[in-house]
Amino acid sequence: MNLDLTEEQEMLRTSARDFLTKECPKTLVRKLEEDEKGYSPELWRKMAELGWMGLVLPEQYNGMGMGFLDLIILLQEMGRNILPGPFFSTVVLGSLPILNAGTEEQKKEFLPKIAKGDTILTLAFTEPSVRYDAAGVQIKAAAQGDSFVIDGTKLFVENAHIADYIICVTRTKKGTTPEDGITLFLVDAKSPGIKCEVMPTIGADKLCEVVFKNVKVPKSRMLGKLHEGWSITARALEYATIAKCAEMVGGQEAALDMTLAYVKERVQYGKPIGSFQVIQHYCANMWMNVETSRDILYKAAWNVAEGLPESANEVAVAKGWINEAYKFVTERAVQCHGAIGTTRDHDIGLYYRRAKAGELAFGDTDFQKELVAQKLGL
Amino acid sequence: MDFRFTAQQEAFRQEVRDFLRSELGPDWRGGKTHEMFSREFSRKLGKKGWIGIGWPKEYGGLGRPHMDQLVFGEEMLYGRAPSAAHILAQNMVGPTLMNVGSEEHKKKFLPMILSGEVVFCLAYTEPQAGSDLASLQTNARAEGDYFIINGQKTFISFAGDADYGWIGVRTDPNAPKKHRGISIFIVDMKTPGITTRKLDTMFDHTLYEVFFDDAKVHKSCVVGQLNQGWYYITQALDHERVFMAATIAGYQRIFDEIVEYAKSTKRNGIPLSKDPIIRQKLSEMAIDLHAGRLLGYRLAWLLEQGIVPFSEASISKVFTSELEKRLGNLGMQVLGLYGQLQRGTPQAPYDGYLEWEYRFSPMQAVGGGANEIQRIIIAIAGLGLPR
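Residues numbered from 1 in each chain as written. Chains lettered and ligands numbered in written order. Predicted model: local features only at pLDDT ≥ 70, side-chain atom pairs only at ≥ 80, totals over all residues.

Chemist: Would you take a moment to explain the overall build of chain A for this structure?
Modeler: From N to C terminus, chain A includes eleven helices and ten strands. Principal axes of the C-alpha set define a box for chain A whose edges measure 80 × 50 × 40 Å. Buried residues in chain A amount to 51% of all 378 residues. Relative to all contacts within chain A whose residues are 6 or more apart in sequence, the contacts with residues 24 or more apart total 72%. (Helix = DSSP H or I, 4+ residues; strand = E, 2+ residues; numbered from the N terminus. Buried ≥ 20, exposed ≤ 12 C-beta atoms within 10 Å, placed from the backbone. Contact = placed C-beta atoms within 7 Å.)

This is the structure we're talking about:
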């Protein structure tokens, strides 16, 4: 057993934290919440120069060839700083499925551009049924000569409004099981027939409704094999879920740090409120959640990185726990801040809202618990 | 990062499991506090060389690293091995003597502890000194080569069975700070002037009050230096921590039985395990156990790195003790009306174990430093909040 990060990972953490603190202050976060695009192209460019978009891509595609755990460390820092923009959708939702399931041509076409920061991607999975499983995939793609034609609506598609390509999870046949008959396509977001609208959400995270109307995709843009796309999707969602957990753990750490700083400084009855036992107990409870969340995150991410058979269950456990922990920590954080914590001007509310948004992404707590129950053989 | 145990550790785990199965039998349920006290089993374990596996070799231990001790502790707890007769001596008495004890104490007590021949009781708490332990009033007055002890201890486990008492007493009533006037003594429980009285608990365990009426003990009974007792008390807790790291394994055993019951029992025509509410509750507990287990692993890992995990130990203690209460409640909920049946009733699932667990479970959050105190330690020592 070894529960320490490597020296390189510690360095990555420190440099990411320093960079984001400097380049992505909360004033920018707030501004981008209102911004139509929702990201800063200038900051995006700087991140690309650091090699972040290609962190886990192999060197042959202009990546840095680092590991999945390194990406987790980086995402944790992004969550700590609530970095707005399409990093998650491009790198986690977009580049990993291409890396894992793409043809050599597709990899050569997309990955170097992603690494350079020239291509923005996203994954369109959820539909109006808002199911997290294979049965929720109903949007049709029908063969038509050398192309497929996609028809239907996807919901909660992150950053679709700025994406160059959308990986669309479609149903190409009614299979014997819900998992059978699913196919993925790399759809040019500027294709005729795509209508995209940003939906105002609690996390201000640019989730879109994307309507596909007779959208033509060439066969060469199929990602993986016809009708056999569920395993690619499931793997992509597993990566996405644990990556979301990393962001959510970073957010918890930030909310706790801000709260500790505040209760040490805020004076009532002639004393810092952090000297009151009730506040001390709140803070101890918050820390307990942060500590447990961190270890659960690392263990699950390690399982995913190692490709171990328990990884699906580990990820469900992690998301189930971290969903609740992040909400708990941010709710207590608001309470410890008092009235100021409820204002738009204060940063803690940014985290409070993102905790709930994070829970909903890739499986809320009830969904994760059901997965864990199945694993228990119930 | 790597969350795997080594092949040797896994082999050791299997060895411990096999040993317990052959010694205790496949039907061993155990668990109740008095069933966990067995001089006979402790002697067997001592013979096997498995008391003090983490003690340095120079003192007769196996010098096994913390992670091995964690594995050992997990199997002992999962198997509900009766360890109460030697555990205190192994985790508290022995390590403190190795650190600060006289040669005489080491020579006399360490071999006895390793062979499982001796039972100690730990007597710190007094009627007026619970969480505020440093206010203890039992006093020892020097008289030539002897000390005369007077006072009262309470809530002492196994005091009626113990050969020796490991007691905290006030030896300097005029010390500028109350922490500085405390010493640790090892006293023979048969010393004239020491008497015990039973105090029965709602979880079928007998605690004791211990009275000292002019109990005369030789000055060689003092552990380490006079008036340094407070430091020994707080330092000794370190050795308990690795054992604590394994706590969840005991709860896992209980949980596994609850899950087994839910799978094999029908209510209203469907298996309990198909009931959506039961599924959610069991799943939530599985996640809780996962979190608790990793807190323990972190604890053992920090110890192995030579770090004293002060706050982490408190976090682990708070988390696991509160989890145990939820577990006790969950068990009775899943069993429904059958849950209330006590041991010996033919219809009682698992011979009433879960009914007992519900009664027992509040104990951990109260004993060993109440959780309210632990949270203050976490906040002040761990998070740097002001006093």
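Chemist: Got a minute to help me understand the overall build of chain B in this structure?
Modeler: When helices and strands are tallied, chain B shows twelve helices and nine strands. Its C-alpha atoms give chain B a radius of gyration of 22 Å, near enough to 21 Å, the size a compact globule of 387 residues would have. Judged by the C-alpha coordinates and their principal axes, chain B covers about 75 × 50 × 45 Å. Across the 387 residues that make up chain B, the buried fraction comes to 46%. (Rg over C-alpha atoms; globule rule 2.2 N^0.38 Å.)

Chemist: Is there a simple way to explain the domain arrangement of chain A in this structure?
Modeler: A common measure of how large an interface is: the accessible area buried when the components associate. Residue and element names in this part refer to chain A. Here chain A is partitioned into domain 1 (7-119), domain 2 (123-228) and domain 3 (231-375). Using only C-alpha atoms to locate each centre, domain 2 and domain 3 end up separated by 30 Å. Taken together, the contact between domain 2 and domain 3 spans 13 residues of the former and eleven residues of the latter. Tallied by class, the residues present in the side of domain 2 that touches domain 3 amount to eight nonpolar, three polar and two charged. (Domains from an automatic or database assignment. Nonpolar A, V, L, I, M, F, W, Y, C, P; charged D, E, K, R; others polar.)

Chemist: So what exactly am I meant to see when it comes to the nonpolar core here?
Modeler: Membership of the largest hydrophobic core comes to 229 residues, with the highest contact counts inside it found for Phe185(A), Cys283(A), Phe120(B) and Phe185(B). Sorting elements by how many residues they give to this core places helix α7 (residues 230-265) of chain A first, with 18 residues. Beyond its immediate chain neighbours, meaning those up to four positions away, Phe185(A) contacts Ala141(A), Phe148(A), Ile150(A), Cys168(A), Thr170(A), Val217(A), Arg221(A), Met222(A) and Leu223(A). (Core = buried A, V, L, I, M, F, W, Y, C linked by C-beta atoms within 7 Å.)

Chemist: Could you clarify how one ought to interpret the interface of chain A and chain B in this entry?
Modeler: Tallying the contact residues gives 36 residues for chain A and 37 residues for chain B. Within the residue set of the side of chain A that touches chain B, elements represented by two or more residues are α7, α8 (277-306), α9 (311-337) and α11 (365-375) of chain A.

Chemist: Is there a simple way to explain the environment of Phe367(A) in this structure?
Modeler: All names here are of chain A. Looking at the secondary structure, you find Phe367 in helix α11. You can call Phe367 partly exposed: it has 18 C-beta atoms within 10 Å. C-alpha separation for the pair Phe367 and Arg353, spaced 14 residues apart in sequence, amounts to 20 Å.

Chemist: Which parts of the structure should I look at to understand the pairing of strand β4 (residues 164-170) of chain B?
Modeler: On any regular strand, side chains alternate: one points to one face of the sheet, the next to the other face. Residues and elements named next belong to chain B. Across the seven residues that make up β4, a large majority, seven, are buried. Of the two faces of β4, both are covered, the one formed by Tyr164, Trp166, Gly168 and Arg170 as well as the one formed by Gly165, Ile167 and Val169. Bridging between strand β1 (residues 120-123) and β4 involves four bridges; their strand directions are parallel. Across the sheet, Cys121 pairs through a bridge with Gly165, a residue of β4. Where β4 lies against strand β5 (residues 182-188), seven bridges are found, and the strand directions are antiparallel. Directly across from Val169, in β5, lies its bridge partner Ser183. (Pairing = 2+ DSSP bridges.)

Chemist: What is the right way to look at the domain arrangement of chain B in this model?
Modeler: Residues and elements named next belong to chain B. Splitting chain B by domain gives domain 1 (7-118), domain 2 (121-229) and domain 3 (245-382). Between domain 2 and domain 3, the C-alpha centre-to-centre distance is 33 Å. With four residues of domain 2 at the interface, the matching set in domain 3 holds six residues. Residue composition of the side of domain 2 that touches domain 3, grouped by class: two nonpolar, one polar and one charged.

Chemist: Teacher, can you tell me more about the packing of α11(A) against helix α8 (residues 276-304) of chain B here?
Modeler: Between two packed helices, both the angle of their axes relative to each other and the distance between the axes serve to describe the pair. One way to put it is that α11(A) packs onto α8(B) with a least axis distance of 8 Å and a crossing angle of 85°. Of the possible angle classes, the one that applies to α11(A) and α8(B) is roughly perpendicular. Where α11(A) abuts α8(B), its residues Asp366(A), Lys369(A), Glu370(A), Val372(A) and Ala373(A) lie against Arg279(B), Gln280(B), Leu282(B), Ser283(B), Glu284(B), Ala286(B) and Ile287(B). Class assignment of the residues belonging to the contact of α11(A) with α8(B) gives a composition of five nonpolar, two polar and five charged. (Axes fitted to C-alpha atoms, helices over the stretch in contact; angles between N-to-C directions. Parallel < 35°, antiparallel > 145°, perpendicular 65-115°, else oblique.)

Chemist: Help me understand α9(A), please; the structure alone is not making it clear to me.
Modeler: Since the α-helix packs 3.6 residues into each turn, any two residues three or four apart lie on the same face. Between the first and last C-alpha of α9(A) there are 38 Å, a value that for 27 residues agrees with the 39 Å anticipated at 1.5 Å per step. Positive phi appears at Gly338(A), one or two residues downstream of α9(A), with a value of about 70°. (Expected span 1.5 Å × (residues − 1).)

Chemist: Looking at this structure, how should I read the packing of α9(A) against helix α10 (residues 348-360) of chain A?
Modeler: Residue and element names in this part refer to chain A. Relative orientation of the contacting elements α9 and α10 amounts to 160°, with a least axis distance of 9 Å. Taken together, α9 and α10 sit at an angle that is classed as roughly antiparallel. Every pair of crossing elements has a handedness; the one defined by α9 and α10 is left-handed. Here α9 contributes Asn323, Tyr326, Lys327, Thr330, Glu331, Ala333, Val334 and His337 to the contact with α10, which in turn contributes Ile348, Tyr351, Tyr352, Ala355, Lys356, Gly358 and Glu359. The residue inventory of the contact of α9 with α10, partitioned by class, reads seven nonpolar, four polar and four charged. (Left-handed = near helix turned anticlockwise from the far one by under 90°.)

Chemist: Is there a simple way to think about α7(A) in this case?
Modeler: Here α7(A) contains 36 residues, and its C-alpha end-to-end distance of 52 Å stays within 8% of the 52 Å for a straight helix at 1.5 Å per residue. Within α7(A), 27 of the 36 residues are buried, leaving the element largely enclosed by the surrounding structure.

Chemist: Honestly, unusual backbone geometry in this entry has me stumped. Any pointers?
Modeler: It is generally the case that most residues other than glycine have a negative phi and that most peptide bonds are trans. All names here are of chain A. Of note, Asn62 is a non-glycine position whose phi angle comes to about 65°, a positive value. Among the structural elements, Asn62 can be located in the loop between α3 (41-49) and α4 (68-80). With phi around 55°, Lys206 is a residue other than glycine that occupies positive phi space. Checked against the element boundaries, Lys206 lands in the loop between β6 (194-199) and β7 (207-218).

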